[in-house]
Amino acid sequence: MCLLTYYPAGAAIDTRALRFGAEANPDGHGFAIVASERIITGHGMNAHTVIATFARTRAAHPDGPALFHSRYATRGAIDLSNCHPFRLGGDVRTMLAHNGTLPKRVHPRAYDRRSDTRIAAEDYLPTQPFGPIDTAVGARGLAGWLGSSKLVILTVDPAYAHTAYLFGERAGQWVAGIWYSNRSYLPPEQRWLARRRTVCGYCLDRDLERTSRHCRTCSWCFHCHHAFPDCTCRPTPTRPAPTAAPASS
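Remember, it's a predicted structure, so these values are computed and weren't measured experimentally.

1. Comments concerning the pattern of salt bridges
Scanning the model with the defined rule gives eight salt bridges in all. The salt bridge involving Glu-122 is made with Arg-114; its shortest N-O contact spans 2.9 Å. When its relative accessible area of 35% is taken as the criterion, Glu-122 is described as partly exposed. Overall, the relative accessible area of 17% leaves Arg-114 in the buried class. A salt bridge links Arg-118 to Glu-122; its shortest N-O distance comes to 3.0 Å. Of this pair, Arg-118 and Glu-122 both sit in helix H3 (residues 116-124), separated by four residues, roughly a single helical turn. Taking the relative accessible area as the measure of exposure, Arg-118 reaches 18% and is therefore buried. Here the salt bridges share partners, and the residues they tie into one network are Asp-112, Arg-114, Arg-118, Glu-122 and Asp-123.

Structural data, given as structure tokens:
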């Protein structure tokens, strides 16, 4: 499902939350920080290294917005090239990161090792299919296309009115001035609260008629706190009892 974290200008990072998010979403990590007229980015498969680099860089550049992303792969190869954030249309001035499931239009085809978000960043969204996001029509069109997923765009391109855009804000949560796309920034024992049995502790989907231990949206397991198929509490198939050999006469 991934964890996308957004930091407004001046917001300090919580490295503990990032470590919990990386443990739950281990398939690659990356960050982007607006630093005056440029965007500083970093990517890597080792969470400890990327988080440490992000913390140092953010401390040196605290005055602009920033984002951090930890990936839980659903489509595309698990490698450095699919780590968020991505350049929008190859432009180093504009970066985006995403959490959720994008429409089939950007799903990878056979032999395409890119993730859906990478395809969207490289091929689809640069064409501005909904119009400029600084217009009400463009912003509404992009939000509708995203559905229940979330997207952060950081830019220093003067063609944009703002340096940061957050889509799907209501689907996440603000904590101490930091926005998280879901609850995987919390320790495992806090992600799912017993008194809120109708709400997924990972993606926050509400299912009043839940009949399975797995979330209908993200497949998160309410028992072991892992997403399918990595659920650790799946029953182990039982082997049939061996058939006794006939007694010799």
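2. As for the nonpolar core
Soluble, globular proteins show a tendency: their nonpolar side chains are buried together. Ranked by internal contacts, the top residues of the largest apolar core, which has 20 residues, are Tyr-7, Phe-31, Phe-54 and Phe-68. Mapped onto this core, the elements with two or more residues apiece are strand E1 (3-7), helix H1 (15-24), strand E2 (29-35), helix H2 (47-60), strand E4 (66-70) and strand E10 (178-180). With four residues, the single largest contributor to this core is H2. Beyond its immediate chain neighbours, meaning those up to four positions away, Phe-31 contacts Ile-40, Thr-41, Gly-42, Val-50, Thr-53, Phe-54, Thr-57, Leu-67, Phe-68, His-84 and Pro-85. Leu-102, Val-106, Leu-142 and Trp-145 belong to the second-largest nonpolar core, a separate cluster that totals 19 residues.

3. Structural notes on a nonpolar patch on the surface
Residues Met-45, Ile-78 and Leu-80 make up a contiguous nonpolar surface patch of about 280 Å² in total accessible area. Position of Met-45 among the secondary structure elements: in the loop between strand E3 (38-44) and H2.

4. Things to note about H2
Two residues of an α-helix separated by three or four positions point the same way, owing to the 3.6 residues in each turn. Taking 1.5 Å per residue, 14 residues should reach 20 Å; H2 reaches 20 Å between its end C-alpha atoms and fits that length. Restricting attention to buried positions, one finds in H2 the residues Ala-47, Val-50, Ile-51, Phe-54, Thr-57 and Arg-58. Down the axis, H2 shows its buried residues gathered within 135° of arc, on one side only. What points out from H2, more than 90 degrees from its buried face, is the exposed set His-48, Arg-56, Ala-59 and Ala-60. Those residues of H2 hidden inside the fold are in contact with E1, H1, E2, E3 and E4.

5. Brief notes about the pairing of E3
Strand direction decides the pairing type here: E2 and E3, joined by seven bridges, are antiparallel. The partner of Ala-35 across the bridge, within E3, is Arg-38. In sequence, E2 turns back onto E3 through a hairpin of two residues, with Ser-36 there showing a positive phi of about 60°.

6. A short note on the packing of H1 against H2
In contact at an axis separation of 10 Å, H1 and H2 are set at 155° when each is read in the N-to-C sense. Taken together, the axes of H1 and H2 are roughly antiparallel relative to one another. Seen along the crossing, H1 lies across H2 with a hand that is right-handed. Facing H1, whose interface residues are Thr-15, Leu-18, Arg-19 and Ala-22, H2 presents Ala-47, Ile-51, Phe-54 and Ala-55. Of the residues belonging to the contact of H1 with H2, the class tally is six nonpolar, one polar and one charged.

7. Topic: unusual backbone geometry
Backbone torsion omega between His-84 and Pro-85 reads 0°, so that peptide bond is classified as cis. Mapping Pro-85 onto the fold places it in the loop between E4 and strand E5 (86-88). Positive phi values are uncommon outside glycine, yet Ser-36 reaches one of about 60°. Take Ser-36: it is sitting in the loop between E2 and E3.

8. Quick word on the environment of Ala-55
Mapped onto the elements, Ala-55 comes out in helix H2. Taking the relative accessible area as the measure of exposure, Ala-55 reaches 25% and is therefore partly exposed. The spacing of Ala-55 and Ala-12 is 43 residues in sequence and 9.1 Å in space, taken between C-alpha atoms. Setting aside anything within four residues of it in sequence, one finds Ala-55 in contact with Ile-13 and Thr-15.

9. Details of the side chain of Ser-184
Relative to the helices and strands, Ser-184 resides in the loop between E10 and helix H5 (188-191). When its relative accessible area of 0% is taken as the criterion, Ser-184 is described as buried. Reaching out from Ser-184, the side chain makes a polar contact with the side chain of Asn-25 at a distance of 3.2 Å.

Conventions we followed
Residues numbered from 1 in each chain as written. Predicted model: local features only at pLDDT ≥ 70, side-chain atom pairs only at ≥ 80, totals over all residues. Heavy atoms only, no water. Salt bridge = Lys/Arg side-chain N within 4 Å of Asp/Glu carboxyl O. Buried < 20%, exposed > 50% of the residue type's maximum accessible area, 1.4 Å probe, protein only. Helix = DSSP H or I, 4+ residues; strand = E, 2+ residues; numbered from the N terminus. Core = buried A, V, L, I, M, F, W, Y, C linked by side-chain atoms within 4.5 Å. Contact = heavy atoms within 4.5 Å. Patch = residues over 30% accessible without salt bridge, like charges linked within 9 Å, V, L, I, M, F, W, Y side chains within 5 Å. Areas by Shrake-Rupley, 256 points an atom, 1.4 Å probe, with all protein chains shown as cover. Expected span 1.5 Å × (residues − 1). Arc of directions from axis to C-beta. Pairing = 2+ DSSP bridges. Axes fitted to C-alpha atoms, helices over the stretch in contact; angles between N-to-C directions. Parallel < 35°, antiparallel > 145°, perpendicular 65-115°, else oblique. Left-handed = near helix turned anticlockwise from the far one by under 90°. Nonpolar A, V, L, I, M, F, W, Y, C, P; charged D, E, K, R; others polar. Polar contact = N/O pair within 3.5 Å; in protein donor to acceptor, adjacent residues only side chain to side chain.

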